[in-house]
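Chains, contacts and geometry: an overview
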Amino acid sequence: MPAQAYAGKECVCQYRKPVCDQTCVRDMLDTPFYIACLKLTGRRCLVVGGGEVGLEKVEGLLACSGEVTLIAPEAVPELERLAEEGSIRWEQREYGGREDLEGKFMVIAATDDTEVNIRIFDEAEERAMLVNVVDVPPLCNFILPAIVRSGPLAIAISTAGASPALAKRMKAEIADHYGEDHARLAVILNETRGWAKSTLPTYQDRKVFFEGIVNGDPDPLVLIREDREPELFALIENAKREAEASLAA
């Protein structure tokens, strides 16, 4: 299993120091990360490493409809089953180098071999690819936050690698507050986006319209929780009429 660097441990990053002195992670908390949501449908993604960590990363990519190739001499039974059923492509061998990155959108390294991890990072960087070496922040050009998912709703929690344990706790707390009700509201509002784009001429008009519904009275989330969705749809239709009347005035 990949190991995160800490002072006194054998170096696992590209600095190749005899003993880790935290040089590589000292600026992590000062690094501004550009937060984005990637569309992986149909994208070819590579995972190197067939252990439990590799399984976690493969499952995350499959959940987002990525086309996953696994490279590993051996794999845990769950990964073997995914390969047998055709959900992933498993190349049962060691990482071979640059040719393995050909045509791939991203690569995640989940091996316990420092030299292999460094090689994957360097060769991916040469290609300007997305690359993440699990638990080794300096060998990543993107990080994977903890995610709370419910339908189309996705909430990411990141501590910039400072404390995965804290991110896990925050994930649990957020999941208790934001879930199916919010996801359902997102779906309902999405059904109105076409009307808004074709009717309301400016971004500001559309912003005012949707914020008026989301933050209005009655609270749309309360209507969903109390099984009063017909009232919510009526509220939206009334908001449409008011917006159209305002434009015509």
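Before reading on, note that the structure itself is shown above.
To keep things clear, this report deals only with the structure shown in the data block. (Residues numbered from 1 in each chain as written. Predicted model: local features only at pLDDT ≥ 70, side-chain atom pairs only at ≥ 80, totals over all residues. Heavy atoms only, no water.)

**What to know about the packing of aromatic side chains**
On inspection of all chains with the given rule, the structure shows two aromatic pairs. When the centroid spacing of 5.0 Å and the interplanar angle of 45° are considered together, the rings of Trp195 and Phe209 count as tilted. Remark: Phe209 occurs in helix α6 (residues 203-214) and Trp195 occurs in helix α5 (residues 180-199); sequence separation between them is 14 residues. Here Phe209 falls in the buried class, since its relative accessible area comes to 7%. Summarising the aromatic geometry, the rings of Phe209 and Phe210 are spaced 5.1 Å apart at their centres and angled 80° between planes, so their arrangement reads as edge-to-face. The buried category is assigned to Phe210, whose relative accessible area is 17%. Here the aromatic cluster, defined as three or more aromatic residues joined through ring pairs, consists of Trp195, Phe209 and Phe210. The side chain of Arg43 reaches across the aromatic face of Phe105, ending 4.5 Å from its centre. (Phe/Tyr/Trp six-rings, centres within 6.5 Å; stacked < 30°, edge-to-face > 60°. Helix = DSSP H or I, 4+ residues; strand = E, 2+ residues; numbered from the N terminus. Buried < 20%, exposed > 50% of the residue type's maximum accessible area, 1.4 Å probe, protein only. Lys NZ or Arg CZ within 6 Å of the ring centre and 35° of its normal.)

**Considering unusual backbone geometry**
Geometrically, the link from Asp217 to Pro218 is a cis peptide bond, its omega value of 10° lying close to zero. For Pro218, the location among the structural elements is in the loop between α6 and α7 (220-225). Its identity is not glycine, yet Ala128 carries a phi of approximately 55°, on the positive side. Among the structural elements, Ala128 can be located in the loop between α3 (114-126) and β5 (130-133). For Ala128, a relative accessible area of 70% corresponds to the exposed category. The phi dihedral of Asp227 falls on the positive side, at around 55°, and the residue is not glycine.

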